[in-house]
Amino acid sequence: RNIKNAIQFLLSGNTAGIFAVLYTSLLGLPVPFAPVHLLFINLLTDSLPALAIGMEPPERDILSQKPRDPKTGILTKDFLIKLLYQGGLIAVCTIIAFYIGLQENAKTASTMAFAVLTMARLFHGFNCKSDKPVVFTKAVGNNIYLIGAFVLGIALITSVVMIPGLHSIFKVQTLTMTQLFTVYGLAALNIPIVQILKAVRAALFK
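What counts as what
Residues numbered from 1 in each chain as written. Predicted model: local features only at pLDDT ≥ 70, side-chain atom pairs only at ≥ 80, totals over all residues. Heavy atoms only, no water. Phe/Tyr/Trp six-rings, centres within 6.5 Å; stacked < 30°, edge-to-face > 60°. Helix = DSSP H or I, 4+ residues; strand = E, 2+ residues; numbered from the N terminus. Buried < 20%, exposed > 50% of the residue type's maximum accessible area, 1.4 Å probe, protein only. Contact = heavy atoms within 4.5 Å. Salt bridge = Lys/Arg side-chain N within 4 Å of Asp/Glu carboxyl O. pLDDT = per-residue confidence, 0-100. Axes fitted to C-alpha atoms, helices over the stretch in contact; angles between N-to-C directions. Parallel < 35°, antiparallel > 145°, perpendicular 65-115°, else oblique. Left-handed = near helix turned anticlockwise from the far one by under 90°. Nonpolar A, V, L, I, M, F, W, Y, C, P; charged D, E, K, R; others polar. Core = buried A, V, L, I, M, F, W, Y, C linked by side-chain atoms within 4.5 Å. Expected span 1.5 Å × (residues − 1). Polar contact = N/O pair within 3.5 Å; in protein donor to acceptor, adjacent residues only side chain to side chain.

Points about the packing of aromatic side chains
Tallying each qualifying case throughout the model produces 7 aromatic pairs. Centre to centre, the rings of F126 and F150 are 5.3 Å apart; their planes meet at 75°, and the pair counts as edge-to-face. Of this pair, F126 sits in helix α5 (residues 106-127) while F150 sits in helix α6 (residues 144-162), placing them 24 residues apart in sequence. Note on F126: relative accessible area 10%, which makes it buried.

Here is the structure:
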């Protein structure tokens, strides 16, 4: 279960990046991400949350759940649907940030898109803890490794976009406080939406 959730986290985040790049390419917009942005996401802010999800404690009712069919692969229809809608949601938030930044200039757009994609994937780690809507319950804090990876990741990406000495390395520019909090809001938006959809699904398939 934990391995499957970690794979879901990684693939849905990568799907979001693919959708965002594909969208801007088809519309002839500036490239939203520099290569260093994608390296930062994959090496620093993806690896730790994925490992942390792999260390998620077992759910209390795990022994009352039906056994998994050993002949069933990971990439089931249900799993792929989750990847597409969760990745699509993160991509939409990333593209919105890109358009907001584009009102100023292409570099601001790239910086905001990069920051939203990075942070949204960090927030999304909590969505991948379980198929149940656990984020707004006590279970949200039962994995100290995931919380640590989240805090470290947010600190790193905030430092990258707000400390001038890092700008030339990561191809970004300083955001205003309004832009920074817009990034935080867009990045966190996937949490309530995904959790509501999970709650609806749980209610329908009781």
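Quick notes on the environment of L146
Positionally, L146 belongs in helix α6. The exposure class of L146 is buried, given its relative accessible area of 2%. L146 sits 95 residues away from L51 along the chain, and the two C-alpha atoms are 8.3 Å apart. Aside from chain neighbours lying at most four places away, what touches L146 is P49, A52, I53, G125, F126 and K129.

Thoughts on the pattern of salt bridges
Tallied over the entire structure, the rule returns 4 salt bridges. In this structure, K82 engages D131 in a salt bridge whose closest nitrogen and oxygen atoms are separated by 2.9 Å. One end of the pair, K82, is in helix α4 (residues 77-102); the other, D131, is in the loop between α5 and α6, with 49 residues separating them in the sequence.

Considering the confidence of the model for the protein chain
Per-residue pLDDT for the protein chain has a mean of 90; in total, 100% of the residues score no lower than 70. Across the protein chain, helix α8 (residues 177-188) holds the top mean pLDDT of 96, while helix α9 (residues 190-204) sits lowest at 88.

Considering the packing of α5 against α9
How two helices sit against one another is set out by the angle between their axes and by the gap between those axes. In contact at an axis separation of 9 Å, α5 and α9 are set at 25° when each is read in the N-to-C sense. Classified by the angle between their axes, α5 and α9 sit roughly parallel to one another. The handedness of the crossing between α5 and α9 is right-handed. Contacts between α5 and α9 involve A120, F123, H124, F126 and N127 from the first element and N190, I191, V194, Q195 and K198 from the second. Each residue belonging to the contact of α5 with α9 can be placed in one class, and the counts come to 5 nonpolar, 4 polar and 1 charged.

Notes on unusual backbone geometry
Of note in this structure, K171 is not a glycine but carries a positive phi near 55°. With respect to the element layout, K171 can be found in the loop between α7 (167-170) and α8.

A closer look at the nonpolar core
Formed by 44 residues in total, the largest nonpolar core has its most connected members in F114, I157, V160, V161 and V183. Sorting the residues of this core by element identifies α1 (2-26), α2 (35-45), α3 (47-53), α4, α5, α6 and α8 as the ones contributing at least two each. With 12 residues, the top contributor of residues to this core is α5. When neighbours within four sequence positions are excluded, V183 is seen to be in contact with M112, A115, V116, M119 and L175.

Details of the packing of α4 against α5
Two elements in contact, α4 and α5, have axes separated by 7 Å at closest approach and are oriented at 155°. Considered as vectors, α4 and α5 are oriented roughly antiparallel to each other. Handedness of the crossing formed by α4 with α5: right-handed. Between α4 and α5, the contacting residues are Q86, I90, C93, T94, A97, F98, I100, G101 and L102 on the first element and A106, T108, A109, S110, M112, A113, V116, L117, A120 and H124 on the second. Residue composition of the contact of α4 with α5, grouped by class: 13 nonpolar, 6 polar and no charged.

Overview of α5
Three or four residues apart is the spacing at which side chains of an α-helix point the same way, because the helix has 3.6 residues per turn. Between the first and last C-alpha of α5 there are 31 Å, a value that for 22 residues agrees with the 32 Å anticipated at 1.5 Å per step. Most of α5 is tucked away: 20 of the 22 residues are buried. The N-capping residue of α5, defined by a side-chain oxygen 3.1 Å from the backbone nitrogen of K107, is N105.

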